[in-house]
Amino acid sequence: MSEPKFTITLAQLNPTVGDVPGNAAKARAAREQAKADGADLLVLPELFITGYPPEDLVLKPAFQAACRAAVEELARETAGGGPAVLIGTPWVEDGKLYNACALLDDGRITALRFKANLPNYGVFDEKRLFARGPAAGPVTVKGVRVGVPICEDIWLEESEEYENVVECLAETGAEILVVPNGSPYARDKNDLRLSIAVARVTESGLPLVYLNQIGGQDELVFDGASFALNADLSVATQMPAFEENITTLVWTKGADGWHCKGPVVPLIEGDKGDYAACVLGLRDYVRKNGFPGVLLGVSGGIDSALCAAIAVDALGAERVRGVMLPFRFTAQVSLDDAAKLATALGFRYEVLPIADAVNGFEKILSGTFAGLPRDITEENLQARTRGTLLMAISNKTGAMVVTTGNKSEMSVGYATLYGDMNGGFNPIKDIYKTEVFRLSSLRNEWKPEGALGPSGEVIPVNIIVRPPTAELRENQTDQDSLPPYEILDGILERLVEREEPLASIIAAGFPADVVTRIDRLLNIAEYKRRQAAPGVKVTEKNFGRDRRYPITNRFRDDGKALPAPDEKLVARAGRASADVFDG
């Protein structure tokens, strides 16, 4: 007698938030493939019908109704046989809104399961959106009892606040755990996901299927990387990262329960994962928001070079436009390197000198500035002129401006509001400067699967090895204003990612005066970061969704609140100083 079989199709797909008809169409297409594969069950990711995360859109009654109608229509389409469908959807019941999974079979919704453990940390804010669902038993599909913990339901063990959903499922007869997820990418996240899954399999003795969505949604990137574990902790399947994929798994039941052996694909991790996340995040931000293409200021420096490579990989060279905006401080080597970059990547490139505009602004302001010394104000006029011209081209063509500041600059405010900070999206916003160098060298040796740019050396080596400079004054380098990036990034990683006390950072060997100054810059630059473009999240502590500090904040780590500012001094000098970098 042959062993019982149960066939599950995992649809690792890329939904769009708010596109209920489009997401439903993706579900239909996946079901057709699952049907052709002889599947018993098609599984789609968490809140698939809305796209994840829907944020406050999910509170809109008209949106809730549209999602319900779409799911009910998909349910009716199962009347003719074929696989059952497990799909994530918001669901209103007894006046409460739940993050739910609906099981569709035999022409109807045969079961609903509600998420019990609602995440409320980092990028997640589900407690203010959804009601907490009760722990419930498994659903039955073709005679097999399937446990459906939803994302966070497997991440937390039982406590006063959280229920051990997996334990409940095991005790009520589940045979396989199927976990729909909306788990965003972060560096080294795959190891964490696997360790969580291993813990749940170990405590329950059940095989586990972990299905994650892919795609970019504003700052978040979902990398897929779905997998399944057998009850003996062997890998049943590993799906690829950063691409849509539909995989059908045939499970067989022996004396020790259900077991499967499916395809195992190597994952893209580390620097390669960060680069792939930046490409996918930019691609989907442009595609899902309907921009025809992008443009960016190409300075001959490494940040804009890396962003240009990411843009071409994401969109293709024909949808990328680079503009060099030189002034008298722009070195010939910068012009040469920018031109070489454009040739290597194949994007449209033009040079628009800005001297007439900058001189014109200075002439207009000459009376207002009479008797005042030249300072950072005149430097920032150059950056703001460039920002104005890029936005004008954007207005005329519809192309979105890509802004190119790295995380080191965003941390300490080494950027100009309404100048180089202008733009709609920043693919390297969460990448420190030292990582910018690494990713640039990496891209000359490798590119992600599906990248649309050319292979080989696309970022001229001189751009990578040349000391970085804003070129806003004669012979300027970044190190005139900042410590070496190896030191700066080491301090910032401890201040931002780890929230370490200053004393601990100094004890680690960093100069006390430098640590204190960088901490000060980090604090006073918050007002700039609030006005920065969104950008891809790749770390556990990006600016915006993860790290949300008040702009008005006098606390400092020395235990003393800052004194009230001298109003006469503020009126005279404003915020302009060499330490603030921008007025």
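Look up: the structure comes first, before these words.
Note that the structure is predicted; figures quoted are calculated from it, not measured.

I would appreciate a short explanation of the overall build of the chain in the present structure.
The helix and strand inventory of the chain stands at 17 helices and 19 strands. Looking at the chain as a whole, 55% of its 583 residues are labelled buried. Counted over contacts in the chain with a minimum sequence separation of 6, partners at least 24 positions apart contribute 74%. Split by element, the accessible area of the chain, about 23800 Å² in all, is 54% carbon and sulfur. Mean positive and mean negative side-chain charge positions of the chain (63 and 80 charges, respectively) differ by 4 Å.

Help me out: how do you make sense of a negative patch on the surface in this one?
A contiguous patch of negative charge on the surface is contributed by D188, D191, E269 and E540. Among the secondary structure elements, E269 is positioned in the loop between β15 (257-259) and α5 (270-288). A relative accessible area of 40% means that E269 is categorised as partly exposed.

Looking at this model, I keep getting lost on the sheet that holds strand β3 (residues 84-93). Mind explaining?
Pairing between the strands of a sheet comes from backbone hydrogen bonds, and it takes one of two forms, parallel or antiparallel. Judged by pairing direction, the sheet is mixed, and its seven strands sit side by side in the order β5-β4-β3-β2-β1-β14-β15 without closing on themselves. Two strands in the sheet have a free side with no partner beyond their single neighbour: β5 (108-114) and β15. Each adjacent strand pair in this sheet contributes to an overall mean axis angle of 35°, direction not counted. Sheet topology note: the strand β1 (residues 5-12)/strand β2 (residues 41-43) ladder contains three bridges and is parallel. Looking across to β2, one finds that T9 is bridged to L42. Relative to β2, helix α1 (residues 20-36) is tilted by about 140°, and along the sheet it contacts β1, β2, β3 and β14 (245-254). On the sheet, helix α2 (residues 61-76) packs against β3, β4 (96-105) and β5 and is oriented at approximately 150° with respect to β3.

Where do I start with the nonpolar core in this structure?
For soluble globular proteins, the rule of thumb is that nonpolar side chains tend to be buried together. Ranked by internal contacts, the top residues of the largest apolar core, which has 51 residues, are L282, L341, F347 and I459. The biggest single contributor to this core is helix α6 (residues 302-315), with 11 residues. Excluding its chain neighbours within four sequence positions, the residues that come into contact with I459 are A305, L306, A309, L341, S440, N444 and I464.

Looking at this structure, I do not really get the pairing of strand β11 (residues 220-223). What am I missing?
Regular strands place their side chains on alternate faces of the sheet. Residues L220 and F222 line one face of β11 and the alternating positions V221 and D223 line the opposite face, and both faces are buried. Two elements, strand β10 (residues 214-217) and β11, share four bridges in a ladder whose sense is antiparallel. Bridging from a neighbouring strand, I214 pairs with D223 of β11. Connecting β10 to the next strand, β11, in antiparallel fashion are two residues, including D218 with a positive phi near 55°.

Hey, could you run me through helix α13 (residues 485-497) in this one?
Residues that lie three or four places apart on an α-helix share one face, since the helix turns once every 3.6 residues. Along α13, the positions that sit buried rather than exposed are Y485, L488, D489, G490, I491, L492, R494, L495 and V496. In this fold, the buried residues of α13 make contact with α10 (407-412), α11 (433-443), α14 (502-507) and α15 (512-524).

What is the right way to look at the pattern of salt bridges in this model?
All chains considered together, the criterion is met by 28 salt bridges. D223 is the salt-bridge partner of R193, the closest N and O atoms lying 2.8 Å from each other. With a gap of 30 residues between them, R193 in helix α4 (residues 189-204) and D223 in strand β11 connect regions that are remote in the sequence. Here the two residues R193 and D223 agree in accessibility, since each one is buried.

Would you mind going over the side chain of D153 with me for this structure?
Take D153: it is sitting in the loop between β7 (144-147) and α3 (165-171). At 6.7 Å, K115 is the nearest oppositely charged side chain to D153, a buried residue that forms no salt bridge. Within the local environment of D153, its side chain forms a polar contact with the backbone nitrogen of A116, the two atoms lying 3.2 Å apart. With residues near it in sequence (within four places) discarded, D153 still touches F114, K115, A116, N117, V165 and V166.

Help me out: how do you make sense of the packing of aromatic side chains in this one?
Geometrically, a pair of aromatic rings is defined through the distance of the ring centres and the angle of the planes. On inspection of all chains with the given rule, the structure shows eight aromatic pairs. Here F6 and W258 contribute two aromatic rings whose centre-to-centre distance is 6.1 Å and whose plane-to-plane angle is 55°, an arrangement assigned as tilted. Of this pair, F6 sits in strand β1 while W258 sits in strand β15, and the two are 252 residues apart along the sequence. Like W258, F6 is buried. The interplanar angle of 5° and the centroid separation of 4.1 Å between the aromatic rings of Y98 and F114 together place this pair among those described as stacked. Taken together, the residues span a long stretch of sequence, with Y98 in strand β4 and F114 in strand β5 at a distance of 16 residues. Like F114, Y98 is buried. Sitting above the plane of the F543 ring, K407 keeps its charged end 5.6 Å from the centroid. Lying across the ring of F543, R529 places its NZ or CZ 4.5 Å from the centre.

About the cut-offs
Residues numbered from 1 in each chain as written. Predicted model: local features only at pLDDT ≥ 70, side-chain atom pairs only at ≥ 80, totals over all residues. Heavy atoms only, no water. Helix = DSSP H or I, 4+ residues; strand = E, 2+ residues; numbered from the N terminus. Buried < 20%, exposed > 50% of the residue type's maximum accessible area, 1.4 Å probe, protein only. Contact = heavy atoms within 4.5 Å. Areas by Shrake-Rupley, 256 points an atom, 1.4 Å probe, with all protein chains shown as cover. Lys, Arg positive; Asp, Glu negative; His and termini not counted. Charge placed at Lys NZ, Arg CZ, Asp CG, Glu CD. Patch = residues over 30% accessible without salt bridge, like charges linked within 9 Å, V, L, I, M, F, W, Y side chains within 5 Å. Salt bridge = Lys/Arg side-chain N within 4 Å of Asp/Glu carboxyl O. Pairing = 2+ DSSP bridges. Axes fitted to C-alpha atoms, helices over the stretch in contact; angles between N-to-C directions. Core = buried A, V, L, I, M, F, W, Y, C linked by side-chain atoms within 4.5 Å. Polar contact = N/O pair within 3.5 Å; in protein donor to acceptor, adjacent residues only side chain to side chain. Phe/Tyr/Trp six-rings, centres within 6.5 Å; stacked < 30°, edge-to-face > 60°. Lys NZ or Arg CZ within 6 Å of the ring centre and 35° of its normal.

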